[in-house]
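Overview (structure and organization)
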Amino acid sequence: MKIETFGDKNNDCILLMHPMFLSGECFKNHLSKLTNYFVVIPTFSGHADAGKFESTYKEANDLCDYLNHIGVTKVKAAVGLSLGSMVAMHMYNYNFIPVEFFFLDGATVAPLKFRDKIKLRRNFLIMGKIFNAFPDIEIPEKLSFHFGRFFNIALDASKEITATDIKNMIGEYINYRLPKHLPDDRGKRLNFLFGSEEASCKVSLPIIEQKFPLAKVKVYKNMGHLGYAMNNEEEYSQLFLHIINNRESKYNID
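Because the structure is a prediction, the values reported are computed rather than measured.

**Observations regarding the overall build of the chain**
Secondary structure summary: the chain contains 9 helices and 7 strands in total. When the accessible surface of the chain is totalled, it reaches about 11,800 Å², and 49% of it is carbon and sulfur.

**Considering the side chain of Thr108**
Positionally, Thr108 belongs in the loop between strand E5 (99-105) and helix H3 (114-133). The class for Thr108 is buried, based on a relative accessible area of 1%. Of the polar contacts made by the side chain of Thr108, one reaches the backbone oxygen of Ala110; its length is 2.8 Å. For Thr108, the contacting residues outside a window of four places in its chain are Tyr173, Tyr176, Ser200, Val203 and Ser204.

**Topic: the pairing of strand E3 (residues 38-43)**
E3 sits mainly inside the fold: 6 of its 6 residues count as buried. Here E3 shows a buried face lined by Phe38, Val40 and Pro42 and a second buried face lined by Val39, Ile41 and Thr43. In terms of strand pairing, strand E1 (residues 2-6) meets E3 through 5 bridges, oriented antiparallel. Its bridge partner lying in E3, Thr5 is registered against Val40. Where strand E2 (residues 13-17) lies against E3, 3 bridges are found, and the strand directions are parallel. Considered in E3, the bridge of Cys13 is made with Phe38.

**Description of the packing of aromatic side chains**
Per the stated rule, a full pass over the model turns up 10 aromatic pairs. An angle of 75° between the planes, with centres 5.8 Å apart, marks the rings of Tyr92 and Phe212 as edge-to-face. Taken together, the residues Tyr92 in helix H2 (residues 83-94) and Phe212 in the loop between helix H7 (199-211) and strand E7 (216-220) connect sequence positions 120 residues apart. Look at Tyr92 and you get buried, because its relative accessible area is 1%. According to the relative accessible area criterion, Phe212 is buried, its value standing at 2%. Consider the rings of Phe192 and Phe194, whose centres lie 6.1 Å apart with planes at 5°: the pair is stacked. Here Phe192 matches Phe194 in class, with each residue buried. Ring pairs connect the aromatic residues Tyr92, Phe102, Phe192, Phe194 and Phe212, which therefore count as one cluster.

**Let's talk about helix H1 (residues 56-69)**
For H1, which comprises 14 residues, the first-to-last C-alpha distance of 20 Å matches the rise-based estimate of 20 Å (1.5 Å per residue) to within 8%. Turning to H1, its buried residues number three or more, namely Thr56, Glu59, Ala60, Leu63, Cys64 and Leu67. Down the axis of H1, the buried side of the element spans an arc of 125°, and every buried residue falls inside it. Looking at the packing, one finds that the buried side of H1 touches E1, E2, E3, strand E4 (75-81), H2 and helix H6 (163-174). Gly71 sits one or two positions beyond H1 and adopts a positive phi of about 90°.

**Let's talk about the nonpolar core**
Counting residues in each nonpolar core, the largest one holds 86 residues, and the members touching the most others are Leu15, Met91, Phe192 and Phe212. The element that contributes the greatest number of residues to this core is H2, accounting for 7 residues. Not counting residues within four places of it along the chain, the set of residues in contact with Met91 comprises Leu15, Met17, Ala60, Leu63, Cys64, Phe96, Ile97, Val99 and Phe102.

**Observations concerning helix H9 (residues 233-245)**
Helix length check: H9, at 13 residues, gives a terminal C-alpha distance of 18 Å against a target of 18 Å (1.5 Å per residue), a fit within 8%. Every buried residue belonging to H9 is among Glu233, Tyr236, Ser237, Leu239, Phe240, Leu241, Ile243 and Ile244, and all of these are buried.

**Comments concerning the sheet that holds E5**
The strand order across the open sheet built from 7 strands is E1-E3-E2-E4-E5-E6-E7, with neighbouring strands paired in mixed fashion. Either end of the sheet is taken by a strand with one partner, and the two such strands are E1 and E7. Adjacent strand axes in the sheet meet at a mean angle of 15° when their direction is disregarded. The sheet contacts of H1 involve E1, E2, E3 and E4, and relative to E2 the element is tilted by about 150°. Seen against the sheet, H9 touches E2, E4, E5, strand E6 (190-195) and E7 and runs at an angle of roughly 155° to E5.

**Brief notes about the pattern of salt bridges**
Overall, the coordinates contain 5 salt bridges when judged by the stated rule. A salt bridge links Glu4 to Lys28; the shortest N-O distance between them is 3.5 Å. Taken as a pair, Glu4 in strand E1 and Lys28 in the loop between E2 and E3 lie far apart in primary sequence, 24 residues in all. In this structure Lys28 comes out as partly exposed when scored by relative accessible area, which is 23%. The closest approach of N and O atoms between Asp185 and Arg189, which form a salt bridge, is 2.9 Å.

Criteria and cut-off values
- Residues numbered from 1 in each chain as written.
- Predicted model: local features only at pLDDT ≥ 70, side-chain atom pairs only at ≥ 80, totals over all residues.
- Heavy atoms only, no water.
- Helix = DSSP H or I, 4+ residues; strand = E, 2+ residues; numbered from the N terminus.
- Areas by Shrake-Rupley, 256 points an atom, 1.4 Å probe, with all protein chains shown as cover.
- Buried < 20%, exposed > 50% of the residue type's maximum accessible area, 1.4 Å probe, protein only.
- Polar contact = N/O pair within 3.5 Å; in protein donor to acceptor, adjacent residues only side chain to side chain.
- Contact = heavy atoms within 4.5 Å.
- Pairing = 2+ DSSP bridges.
- Phe/Tyr/Trp six-rings, centres within 6.5 Å; stacked < 30°, edge-to-face > 60°.
- Expected span 1.5 Å × (residues − 1).
- Arc of directions from axis to C-beta.
- Core = buried A, V, L, I, M, F, W, Y, C linked by side-chain atoms within 4.5 Å.
- Axes fitted to C-alpha atoms, helices over the stretch in contact; angles between N-to-C directions.
- Salt bridge = Lys/Arg side-chain N within 4 Å of Asp/Glu carboxyl O.

What is shown is where atoms sit, not what they do.
Written as structure tokens, this is what we have:
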């Protein structure tokens with residue numbers, strides 16, 4: 001794992017955690033709106049020559065060890081996208097460090113359906129082959145719809161990613177299960193964001209309703225996995241900044 005920090009360490013801390021195939025670089029355009037915070041941006045193992053990926057649990061543990069080492073004893077907000085949301089969920093589940101609230105985009109809290117597991121595994125293995133085989137290519141049209149301007153970041157972040165890294169990450173995502181014992185806040189600190197068409201939305205919403213009845217959930221219609229984040233960067237930045245600054249505002253499915 002590689003970790004970058006921005007701002008005054010005496011300010012409230014915000015974690016920004018990237019999705020699979022990207023790196024901390026994907027958050028750089030948000031920094032101008034977060035100058036009142038101490039921003040910590042990890043690049044997870046398996047990406048951008050940051051070492052071998054073992055598990056999201058280890059990434060969460062290592063990140064919190066780093067925060068404790070530099071004297072950060074609590075976190076204002078943990079923002080996680082896809083892979084980053086899994087790291088954030090471990091922070092929530094096991095309380096490695098106190099976090100005021102979580103913003104989780106494209107998270108999964110239950111195993112995916114078998115057909116979706118097969119489809120997701122196939123798609124991500126194909127993307128991994130493209131990144132590894134063609135590190136200097138221009139943006140292919142067939143993938144630009146998913147990554148947009150982030151594709152060049154993905155090319156750089158993923159050119160050293162291995163098939164084992166990809167299989168480990170995907171295996172965790174498609175088979176994820178919540179631990180038996182959960183924090184007793186009933187999900188009050190959790191904010192979930194989904195696209196209505198993503199596989200994790202279909203299986204996660206009933207579990208969120210059951211296990212985290214106080215969590216806030218927003219679903220964007222006719223969007224897939226990370227669709228809003230990838231295609232509405234400016235609005236996305238305003239969305240999570242609004243939630244950070246107005247924690248108790250209404251934030252429900254629409």
